[in-house]
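Analysis of the macromolecular model
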Amino acid sequence: MSDEADHIAERKMQFLFSLRSRGVTDARVLTAMERIDRGPFVRGYFTDHAYEDMPLPIACGQTISQPSVVGLMTQALRVTGRDKVLEVGTGSGYQAAILSQLARRVYTVDRHRRLVREASEIFAALGLTNIIALTADGSFGLPEQAPFDRIIVTAAAEDPPGPLLAQLKIGGIMVVPVGQSDAVQHLIRVTRHETGYDYDELRPVRFVPLVEGLGRDG
Ligand code: SAH
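Notes on the structure follow. (Residues numbered from 1 in each chain as written. Predicted model: local features only at pLDDT ≥ 70, side-chain atom pairs only at ≥ 80, totals over all residues. Heavy atoms only, no water.)

1. Things to note about the overall build of the chain
- When helices and strands are tallied, the chain shows six helices and nine strands.
- Whereas a compact globule of 218 residues would reach a radius of gyration of roughly 17 Å, the chain reaches 17 Å, a difference of no more than 12%.
- Oriented by its inertia axes, the alpha-carbon framework of the chain measures out at about 60 × 40 × 35 Å.
- Taken over 218 residues, the chain has a buried fraction of 50%.
- Summarising the internal contacts of the chain: among those between residues at least 6 apart in sequence, 55% fall at separations of at least 24.
- Just so you have it, the chain exposes about 10,500 Å², and 51% of that area is on carbon and sulfur atoms.
- Averaging the positions of the 24 positive and the 27 negative side-chain charges in the chain gives two centres separated by 4 Å. (Helix = DSSP H or I, 4+ residues; strand = E, 2+ residues; numbered from the N terminus. Rg over C-alpha atoms; globule rule 2.2 N^0.38 Å. Buried < 20%, exposed > 50% of the residue type's maximum accessible area, 1.4 Å probe, protein only. Contact = heavy atoms within 4.5 Å. Areas by Shrake-Rupley, 256 points an atom, 1.4 Å probe, with all protein chains shown as cover. Lys, Arg positive; Asp, Glu negative; His and termini not counted. Charge placed at Lys NZ, Arg CZ, Asp CG, Glu CD.)

2. A closer look at the site of the ligand
- Around the ligand sit 28 residues in total, of which Ser92, Asp110, Asp137, Gly138 and Val211 are the nearest.
- Aspartate 110 has a polar side-chain atom sitting 2.7 Å from an oxygen atom of the ligand.
- Coverage of the ligand by the protein chains reaches 99% of its 580 Å² of free accessible surface.
- Judged by the fraction of its atoms near the pocket grid, the ligand is located in the largest pocket.
- Elements with a contribution of two residues or more to the shell around the ligand: β2 (63-64), β3 (84-88), α4 (94-100) and β4 (105-110).
- When its residues are assigned to classes, the shell around the ligand shows 11 nonpolar, 13 polar and four charged. (Near = heavy atom within 4 Å. Polar contact = N/O pair within 3.5 Å; in protein donor to acceptor, adjacent residues only side chain to side chain. 1 Å grid on protein atoms, 1.4 Å probe; cavity = no way out; pocket = protein on both sides within 12 Å on 5 of 7 lines; lining within 4 Å. Sits in = over half its atoms within 2 Å of the grid points. Nonpolar A, V, L, I, M, F, W, Y, C, P; charged D, E, K, R; others polar.)

3. Comments concerning the side chain of aspartate 137
- With respect to the helices and strands, aspartate 137 occurs in the loop between β5 (131-135) and β6 (148-153).
- Although aspartate 137 is buried, it makes no salt bridge; arginine 111 carries the closest opposite charge, 6.3 Å away.
- Polar contacts involving the side chain of aspartate 137 include one to the side chain of serine 139, which spans 2.4 Å.
- Leaving out residues up to four positions away in the same chain, aspartate 137 has contacts with Val211, Glu212, Gly213 and Leu214. (Salt bridge = Lys/Arg side-chain N within 4 Å of Asp/Glu carboxyl O.)

4. Here we look at the sheet that holds strand β8 (residues 185-193)
- With respect to topology, seven strands assemble into an open sheet ordered β5-β4-β3-β6-β7-β8-β9, the strand pairing being mixed. Only two strands of the sheet have a single partner each, and these edge strands are β5 and β9 (196-205). Strand after strand, the sheet turns through a mean of 15° between neighbouring axes, direction not considered.
- Strands in contact with helix α3 (residues 67-77) are β3, β6, β7 (168-178), β8 and β9; relative to β7, the strand with the most contacts, it is inclined by about 155°.
- The strands that helix α5 (residues 113-126) touches are β4 and β5; relative to β5, the one it contacts most, it runs at about 160°. (Pairing = 2+ DSSP bridges. Axes fitted to C-alpha atoms, helices over the stretch in contact; angles between N-to-C directions.)

5. What to know about the nonpolar core
- Counting 48 residues, the largest nonpolar core has Phe41, Leu77, Tyr94 and Phe123 as the members making the most contacts within it.
- Secondary structure elements with two or more residues in this core: α1 (3-21), α2 (27-35), α3, α4, α5, β5 and β7.
- With six residues, α3 is the single largest residue contributor to this core.
- In contact with phenylalanine 123, other than residues within four places in its own chain, are Phe41, Gly93, Ala96, Ala97, Thr108, Leu128, Ile131 and Ala133.
- Of all hydrophobic cores here, the second largest spans 17 residues; its members include Leu142, Phe148, Val176 and Val178. (Core = buried A, V, L, I, M, F, W, Y, C linked by side-chain atoms within 4.5 Å.)

6. Brief notes about α3
- Within α3, 11 of the 11 residues are buried, which leaves the element mostly enclosed by the surrounding structure.
- Considered for burial, the residues of α3 that qualify are Pro67, Ser68, Val69, Val70, Gly71, Leu72, Met73, Thr74, Gln75, Ala76 and Leu77.

7. So, the packing of aromatic side chains
- Taken as a whole, this structure holds three aromatic pairs when the rule is applied.
- On the basis of an interplanar angle of 80° and a centroid distance of 6.1 Å, the ring pair of phenylalanine 15 and tyrosine 51 is categorised as edge-to-face. Taken together, the residues phenylalanine 15 in helix α1 and tyrosine 51 in the loop between α2 and β1 (56-57) connect sequence positions 36 residues apart.
- On the accessibility criterion, phenylalanine 15 (5% relative accessible area) is buried.
- By relative accessible area, which is 15% here, tyrosine 51 ends up buried.
- Positioned above the aromatic ring of tyrosine 94, the side-chain terminus of arginine 38 is 5.9 Å from the ring centre.
- Geometry around phenylalanine 148 places lysine 84 over its ring, the cationic atom sitting 5.4 Å from the centre. (Phe/Tyr/Trp six-rings, centres within 6.5 Å; stacked < 30°, edge-to-face > 60°. Lys NZ or Arg CZ within 6 Å of the ring centre and 35° of its normal.)

8. Here's the deal with the layout of surface pockets
- Estimates place the volume of the largest pocket at around 370 Å³.
- At the level of secondary structure, the elements contributing two or more residues to the lining of the largest pocket comprise β2, β3, α4 and β4.
- A breakdown of the residues in the lining of the largest pocket according to their chemical character gives 12 nonpolar, 13 polar and four charged.
- If you add up the space inside the second largest pocket, you get close to 160 Å³. (Points joined across faces, edges and corners; volume = space filled by probe spheres on them.)

Written out as structure tokens, the structure reads:
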């Protein structure tokens, strides 16, 4: 193996090790995260940090989440191969790409047209044909494709948005960071039952806020 290939293999080993040490233990999630290289989703200057467990800036003033948080949220979502998943907050597209390995189909929406376009280019280049990325205000969900087996929100809401709760199937699960954007937020797992919703508080997190309306670029 060349020195460069050796170096990349070593960084990927460390990447998977740090995921495990931070609580990502689900074998299917780890396999998905081994298969999907974070490199292409981290453009330009920060590419060198792609395999470090830290959030990084992306276009439109947004961030690609920390890999261990992506892993823990994916694990908490308990995705199966039959599931139709909605992600609110495409960002770089990394989380959607991980979900594409576990779900039947992934719809992902972002309020920034540019982020949706750039993520779609990466999905096409990687042959991830079960992801549909759309520009939309995800606080209203995606009514034309509802209901969903799983919903993941990767921006913080003050409360789980009502339209998203309504678009969850009975038996469905939603994972959403809840709290003020400048305060501690908590990752919440919502499970829908015949008669209502159960809420589990999972862990403190820090996300950019869920903002209503489309971005100025789209
Ligand atoms: N999941 C992403 C990280 C998301 S950062 C990744 O894997 O890289 C949060 C994203 O939520 C940002 O891109 C932001 O534009 C988007 N967002 C914020 N409010 C939104 C809304 N109302 N509808 C859709 N997207 C929204």
